[in-house]
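Inside the fold
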Amino acid sequence: PERDPQAQVKADRRTQLIEVMEMAVGFYRLQLKTGAGGAARAYLDKRGLSEATSDKFGIGFAPDGWQGLWDHLRSKGVEEELILAAGLAKASSKGGKLYDVFRNRIMFPIRDARDRCIAFGGRAMDPDDNAKYLNSPETELFDKGRNLYNHGPARTAAGKGQPLIVAEGYMDVIALVEAGFGAAVAPLGTAVTETQLQLLWRISDEPIVALDGDKAGVGAAHRVIDLALPLLESGKSLRFALMPEGKDPDDLIRAEGAGGVKKVLDAAM
């Protein structure tokens, strides 16, 4: 059968945008290794992330300038429209000048199930920044309610019998993976959506939702329960693992190692 020409145009466009995103991954990774990335490297070091782990997850650094990534991509011949469409730059409301969306942030590439970079999450280095974590805006590639952080590798690990763990953030997922829990994912800065729940159930019949052991964590558990109850069916359910009071999975791993996490997961309700 002949391919739908419109579908082909759409597919070609996605390929172009993904190429731009992968160029951005390369730029950010390089910046992490420069003098400008010193404080970011020190932060990752303090959080116990080795250089090998940073490389594995493609972690990088967005420098503090207004047009660092913009100038880099333009110098490589990338069209302005593609940089904007990829959600990497936007126009200033004060005069239309274009500037980078991510500045002075540790950068986490967000990849789709086929391991293609479709967005970024950026953690602010400035403690006074009003957004500690910033995700890419919604684009032709990225719909945050329809994707999961670490989706592809988690699916592979779950296929080999590892429990599927749903954590809250990027650092939790990375810490869990490095502690041997390879099937860890996170929703992207929002409460779990119905689409994400269906994605989780495609990977595993009984995902374990691992939440911080504080009031907010318990509140989040109740919201997931409210969402899941009407959707439960034979063989599809959820378990909840509450971390010790005031700890997230990353804290628990640093305090008690993989054994501490396993104990909490084994007691999941």
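These notes cover the structure that comes with them.

What counts and how
Residues numbered from 1 in each chain as written. Predicted model: local features only at pLDDT ≥ 70, side-chain atom pairs only at ≥ 80, totals over all residues. Heavy atoms only, no water. Axes fitted to C-alpha atoms, helices over the stretch in contact; angles between N-to-C directions. Helix = DSSP H or I, 4+ residues; strand = E, 2+ residues; numbered from the N terminus. Parallel < 35°, antiparallel > 145°, perpendicular 65-115°, else oblique. Left-handed = near helix turned anticlockwise from the far one by under 90°. Contact = heavy atoms within 4.5 Å. Buried < 20%, exposed > 50% of the residue type's maximum accessible area, 1.4 Å probe, protein only. Phe/Tyr/Trp six-rings, centres within 6.5 Å; stacked < 30°, edge-to-face > 60°. Pairing = 2+ DSSP bridges. Salt bridge = Lys/Arg side-chain N within 4 Å of Asp/Glu carboxyl O.

**Re the packing of helix H7 (residues 170–178) against helix H10 (residues 249–266)**
In the contact formed by H7 and H10, the axes pass within 10 Å of each other and the chain directions differ by 25 degrees. On the basis of their axis angle, the class for H7 and H10 is roughly parallel. Judged by the twist between their axes, the crossing of H7 over H10 is right-handed. Contact residues: H7 offers Met-171, Asp-172, Ala-175 and Leu-176, while H10 offers Pro-249, Asp-250, Ile-253 and Val-261.

**What to know about unusual backbone geometry**
One non-glycine residue, Asn-104, adopts positive backbone phi at about 55 degrees. Within the element layout of this structure, Asn-104 appears in the loop between strand S3 (98–100) and strand S4 (105–111). Phi at Asp-115 takes a positive value of approximately 70 degrees, unusual for a residue other than glycine. Topologically, Asp-115 is positioned in the loop between S4 and strand S5 (117–124). When its relative accessible area of 47% is taken as the criterion, Asp-115 is described as partly exposed.

**Brief notes about the packing of aromatic side chains**
Scanning all chains against the criterion turns up seven aromatic pairs. Ring geometry for Tyr-28 and Phe-120: centres 5.1 Å apart, planes at 90 degrees, overall edge-to-face. Taken together, the residues Tyr-28 in helix H1 (residues 5–32) and Phe-120 in strand S5 connect sequence positions 92 residues apart. Comparing Tyr-28 with Phe-120, the two get one shared label, buried.

**Some points on the sheet that holds S4**
In sheet architecture, strand pairing relies on hydrogen bonds along the backbone and comes in two forms, parallel and antiparallel. Strand order in the open sheet formed by four strands is S1-S4-S5-S6, with antiparallel pairing between adjacent strands. With one partner strand each, in any of the chains shown, strand S1 (60–62) and strand S6 (133–135) form the two edges of the open sheet. Taking the axes of each pair of neighbouring strands and ignoring which way they run, one obtains an average angle of 35 degrees across the sheet. With three bridges connecting them, S5 and S6 associate as antiparallel partners. Its bridge partner being in S6, Gly-122 is matched across the sheet by Leu-134. Here H1 sits on the sheet in contact with S1, S4 and S5, set at roughly 30 degrees to S5. H7 rests against S4, S5 and S6 of the sheet, and its axis sits at about 70 degrees to S4.

**Here we look at the sheet that holds strand S10 (residues 239–245)**
Taken in spatial order, the four strands line up as S8-S7-S9-S10 in an open sheet, and their pairing is parallel. Strands at the two margins of the open sheet, each flanked by one partner only, are strand S8 (184–185) and S10. Pairing between strand S9 (residues 208–213) and S10: five bridges, direction parallel. Note that in S10 the partner of Val-209 across the bridge is Phe-240. Docked against the sheet, H10 engages strand S7 (165–166), S9 and S10, running at close to 140 degrees with respect to S10.

**Side note on the pattern of salt bridges**
Per the counting criterion, the structure on display carries 16 salt bridges. Across the pair Asp-112 and Arg-116 runs a salt bridge, and its minimum N-O distance is 2.9 Å. Looking at Arg-116, the relative accessible area reads 24%, which means it is partly exposed.

**As for the environment of Met-171**
Locating Met-171 in the fold gives a position in helix H7. Accessibility expressed as a relative area gives 4% for Met-171, which makes it buried. Each C-alpha atom of the pair Met-171 and Leu-44 lies 9.8 Å from the other, and the pair is 127 residues apart in sequence. In this structure, Met-171 is in contact with Arg-47, Leu-49, Phe-108, Tyr-133 and Asp-250, ignoring residues within four places of it in sequence.

Keep in mind that these numbers describe shape and distance, not what the molecule does.
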